[in-house]
Amino acid sequence: MIIVLKQGISDEKVDSLKRWLMEKGLDVAPIYGTEKTVLGLVGDTSHLSVDEVSMHDAVEKVLKVQEPFKKANRKFHPENTIIKVGNLEIGGKDLAIIAGPCSVESEEQITKIAQSVKKAGANLLRGGAFKPRTSPYSFQGLKTEGLIMLKRAGEATGLPIVSEITNINYIEIFEQYVDIIQVGARNMQNFELLKELGRFKKPILLKRGFANTLEELLMACEYIMSEGNQNIILCERGIRTLENYTRNTLDLSAVPALKRLSHLPVIVDPSHGCGLAWMVEPLSKAAIAAGADGLIIEVHNNPAKALSDGPQSITPSEFSYIMPKLREYAKLEGRHINIPHTIAYAGTPGSFANEAAEKLYPNSAHTGLEHFEDVFNAVLNGSAEIGIVPVENTLAGKVSDVIETLENGNFEVIDRIKIKINQMLVAPAGTELSAVRKIYSHNKALEQCKKFLSTMPDCRIIPYSTTSAAAAAVAALNDKCSAAIASENAAKLNRLIILKDNIQDKDENYTEFVAFKLATK
Ligand code: PEP
Ligand code: MN
């Protein structure tokens, strides 16, 4: 509300007006112009009528500034709202990392995913049990049975759970089983559902509808808050625009905008935001940089067979690979991501080094770094506790620069493992072996496949940082004349086909990896 004062009115009358307003719990901010003085009122003026204020002697005119949303508005609640769920404070220093499958599919599936996302640093578990699918013929979820599985997986791992409600009738079941109730994009304006949820105390994760403005999202919030429930987490999950390369357009400007307009925590869903698994990493980084209080990421143990949203789901090893990278972005923003135990290996998910890391330390988070020296640096600067590097290959011999660094006195070797190397020529679906003109791989792998390469005289050989990065590169090129020499795992992860199996010169091909930590001096 803005009050324009009469010209030349006495200070006494102005003071009396100010006192009266302040007694009503409002802050008065005067603005002195050359001709007129204006008082701006800060606070909840919903109980104050224009007529009531106009009757005062000092007042010339009263302007009601409409703030359509009140309870969610930062103007009336300048402090950030922090929502407590278990030990986690959403909106506090720790980022909320919600991970899990789009749908709960079986007890085994949700339990395995819960264990792997937990060890990589997730602090909440997601899983849909009542699925609002676009087609009635698509999988509709395991309903209450799915919620029970989700709760059991959450209890086994100590992770609070998040699941989507689609109907008022299920409220009691959700009260019983779920820690945070998600309202999905399709129900953001289901006002009857919102009002009902307002009568409960459980925190609500309110997703923005695909065609809704930020103001409409905040008005939806108001429906819940005006009934009493103030525990709302807002979620940007992508909106419809004319762009159709991605499933939705992730509107990251919503994060700073919502944080400015509202005191509620804001999280980002990069998975639904783009619909593409490979884009989850860069969008998660961007969301953290934009000031998000957390992320909700779809993680599935077998995305190709997922009953919903497979193309946008990342695997547990991809999740574990990106988390330590996100932790660095969080640090820049003064926020934390806590990862219990980090193992760094040279390579990307799907590399033989990744396989070595998973076999040696199945209960830790594994992150792949591009170069050997990055792994040494990660252990030196403490961002990884253990590093994994190759030291010898049956065919290509010792990796001398790695061995030299390991012996420089900074590190201590604590474990070793031999991994059977089976090299394959891999390429995007539709590529013919006879059409291949470029072959990408790491030098060591190229050396191991000399005989095979001599049968491909028309090909240009392009050395690459790692075999798995070479596989990712040909997947991105998708030009039907480029192939990579890489592992079966790398082919699977990058959705590549195998053009030729077992192409190493000798079948007895092993690489020995060592695990090392900082030397105790
Ligand atoms: C989901 O989280 O799986 C989901 C259906 O999300 P949205 O409502 O954002 O589409
Ligand atoms: Mn989904």
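Note that the structure is a prediction, hence the values are computed from the model and not measured.

(A) Highlighting the overall build of the protein chain. For the protein chain, the count of helices and strands is 18 helices and 25 strands. Its C-alpha atoms put the protein chain at 100 × 55 × 45 Å along the principal axes. Per-residue burial over the protein chain gives 54% buried out of 521 residues. Within the protein chain, residue pairs in contact and separated by at least 24 positions form 71% of the contacts whose partners lie at least 6 positions apart.

(B) Expanded view of the packing of helix α7 (residues 214-225) against helix α8 (residues 254-261). With their axes 11 Å apart at the nearest point, α7 and α8 run at an angle of 45 degrees to one another. In terms of their interaxial angle, α7 and α8 are classed as oblique. By crossing handedness, the relation of α7 to α8 is classed as right-handed. Listed contacts from α8 to Leu 214, Leu 217 and Leu 218 of α7 are Ala 254, Ala 257, Leu 258 and Leu 261. Its residues assigned to classes, the contact of α7 with α8 shows 7 nonpolar, no polar and no charged.

(C) Structural detail: the domain arrangement of the protein chain. Here the domain parsing of the protein chain yields domain 1 (2-63), domain 2 (83-332), domain 3 (342-421 + 511-518) and domain 4 (424-503). Measuring from the centre of the C-alpha atoms in domain 2 to the corresponding centre in domain 4 gives 37 Å.

(D) Molecular detail of the coordination of the manganese ion (ligand 2). For the manganese ion (ligand 2), every protein donor is listed as Cys 102 (SG), His 272 (NE2), Glu 298 (OE) and Asp 309 (OD), and the spread of their distances is 2.1 to 2.4 Å. Given a relative accessible area of 16%, Asp 309 falls into the buried group.

(E) Spatial organisation of the pairing of strand β15 (residues 342-346). Summarising burial for β15: 5 of the 5 residues are buried, a large majority. Of the two faces of β15, both are covered, the one formed by Thr 342, Ala 344 and Ala 346 as well as the one formed by Ile 343 and Tyr 345. One crossover worth recording links β15 to the parallel strand β16 (residues 365-369) by way of helix α12 (residues 352-360), and it is right-handed. Judged from the 3 bridges that link them, β15 and strand β17 (residues 386-393) form a sheet pairing that is parallel. Counterpart to Ala 344 in the pairing with β17 is Gly 387.

(F) Layout of the sheet that holds strand β24 (residues 496-500). What the 5 strands build is an open sheet, ordered β22-β21-β23-β20-β24; its pairing is mixed. A strand with exactly one partner marks an edge of an open sheet, and here the two such strands are β22 (460-463) and β24. Averaged over all neighbouring strand pairs, the angle between strand axes comes to 35 degrees, with direction disregarded. Across 4 bridges, the pairing between strand β20 (residues 424-428) and β24 is antiparallel. Pairing of Val 426 across the sheet is with Ile 498, part of β24. Relative to strand β23 (residues 482-486), helix α17 (residues 467-477) is tilted by about 160 degrees, and along the sheet it contacts β20, β21 (438-441), β23 and β24.

(G) Spatial organisation of the side chain of Ser 313. Note on placement: Ser 313 falls in the loop between β14 (294-298) and α11 (316-332). Using a relative accessible area of 1% as the deciding quantity, one classes Ser 313 as buried. There is a polar contact of 2.7 Å between the side chain of Ser 313 and the backbone oxygen of Asp 309. In this view, Ser 313 contacts Ala 277, Glu 298, His 300, Pro 303 and Arg 495; residues no more than four positions away in its chain are not counted.

(H) Just the packing of helix α6 (residues 191-198) against α7, in detail. Where α6 meets α7, the closest approach of the two axes is 6 Å, and the angle between their N-to-C directions is 45 degrees. In terms of orientation, α6 and α7 fall into the oblique class. Between α6 and α7, the contacting residues are Phe 191, Leu 194, Lys 195, Leu 197 and Gly 198 on the first element and Ala 220, Tyr 223 and Ile 224 on the second. Tallied by class, the residues present in the contact of α6 with α7 amount to 6 nonpolar, 1 polar and 1 charged.

(I) Molecular detail of α12. Inspection of α12 places Phe 352, Ala 353, Asn 354, Ala 356, Ala 357 and Leu 360 among the buried residues, and these make up the whole buried set. Structurally, α12 contributes buried residues whose contacts are with α11, β15, β16, β17, β19 (411-420) and β25 (510-518).

(J) Region of the structure containing empty space enclosed by the protein. Within this structure, the stated rule accounts for 1 cavity of 30 Å³ or more. Taken as a whole, the largest cavity spans an internal volume of roughly 30 Å³. Along its surface, the largest cavity is lined by Ile 90, Ala 96, Ile 98, Ile 180, Leu 205, Ile 233 and Ile 267.

(K) Highlighting the site of ligand 1. Within the structure, ligand 1 sits among Cys 102, Arg 126, Lys 131, Glu 164, Gln 182, Gly 184, Ala 185, Arg 186, Lys 207, Arg 237, His 272 and Glu 298. Here Arg 237 contributes a side-chain N or O atom positioned 2.6 Å from an oxygen atom of ligand 1. Contact between ligand 1 and Glu 298: an oxygen atom at 3.3 Å from a side-chain N or O atom of the residue. Burial of ligand 1 by the surrounding chains reaches 97%, relative to a free accessible area of 300 Å².

(L) The sheet that holds strand β4 (residues 59-63), seen in detail. Here we have 4 strands laid out as an open sheet, ordered β2-β3-β1-β4, and antiparallel in their pairing. Looking at which strands have only one partner, the edges of the open sheet turn out to be β2 (27-32) and β4. On average, adjacent strands in this sheet sit at an angle of 25 degrees to one another, irrespective of strand direction. On top of the sheet, helix α1 (residues 11-23) reaches β1 (2-5), β2, β3 (37-42) and β4; it is set at about 145 degrees to β2, its chief contact.

(M) Spotlight on the nonpolar core. Membership of the largest hydrophobic core comes to 88 residues, with the highest contact counts inside it found for Leu 206, Phe 319 and Ile 388. Per-element accounting of this core gives the leading share, 7 residues, to α7. Two domains each put at least three residues into this core: domain 2 (83-332) and domain 3 (342-421 + 511-518). Excluding residues within four positions of it along the chain, Phe 319 makes contact with Ile 97, Ala 99, Val 117, Ala 120, Ala 122, Ile 297, Val 299 and Ile 314.

(N) The packing of aromatic side chains, seen in detail. Inspection of every chain in the model, using the stated rule, returns 7 aromatic pairs. Each member of the aromatic cluster is reached from another via a ring pair, and the members are Phe 130, Tyr 170 and Phe 174. Stacked on the ring of Phe 210, the Lys or Arg Arg 240 has its end atom at 4.9 Å from the ring centre. The ring of Tyr 321 has Lys 325 lying over it, and the distance from NZ or CZ to the ring centre is 4.6 Å.

(O) Main features of the environment of Tyr 510. Its location among the elements puts Tyr 510 in strand β25. Expressed as a C-alpha distance, the spacing of Tyr 510 and Phe 76, which sit 434 residues apart in the sequence, is 65 Å.

Reading the values: the criteria
- Residues numbered from 1 in each chain as written.
- Chains lettered and ligands numbered in written order.
- Predicted model: local features only at pLDDT ≥ 70, side-chain atom pairs only at ≥ 80, totals over all residues.
- Heavy atoms only, no water.
- Helix = DSSP H or I, 4+ residues; strand = E, 2+ residues; numbered from the N terminus.
- Buried < 20%, exposed > 50% of the residue type's maximum accessible area, 1.4 Å probe, protein only.
- Contact = heavy atoms within 4.5 Å.
- Axes fitted to C-alpha atoms, helices over the stretch in contact; angles between N-to-C directions.
- Parallel < 35°, antiparallel > 145°, perpendicular 65-115°, else oblique.
- Left-handed = near helix turned anticlockwise from the far one by under 90°.
- Nonpolar A, V, L, I, M, F, W, Y, C, P; charged D, E, K, R; others polar.
- Domains from an automatic or database assignment.
- Donors = N, O, S within 2.8 Å, 3.2 Å for Na, K, Ca; no water.
- Right-handed = clockwise from strand over helix to strand, strands pointing away.
- Pairing = 2+ DSSP bridges.
- Polar contact = N/O pair within 3.5 Å; in protein donor to acceptor, adjacent residues only side chain to side chain.
- 1 Å grid on protein atoms, 1.4 Å probe; cavity = no way out; pocket = protein on both sides within 12 Å on 5 of 7 lines; lining within 4 Å.
- Points joined across faces, edges and corners; volume = space filled by probe spheres on them.
- Near = heavy atom within 4 Å.
- Areas by Shrake-Rupley, 256 points an atom, 1.4 Å probe, with all protein chains shown as cover.
- Core = buried A, V, L, I, M, F, W, Y, C linked by side-chain atoms within 4.5 Å.
- Phe/Tyr/Trp six-rings, centres within 6.5 Å; stacked < 30°, edge-to-face > 60°.
- Lys NZ or Arg CZ within 6 Å of the ring centre and 35° of its normal.

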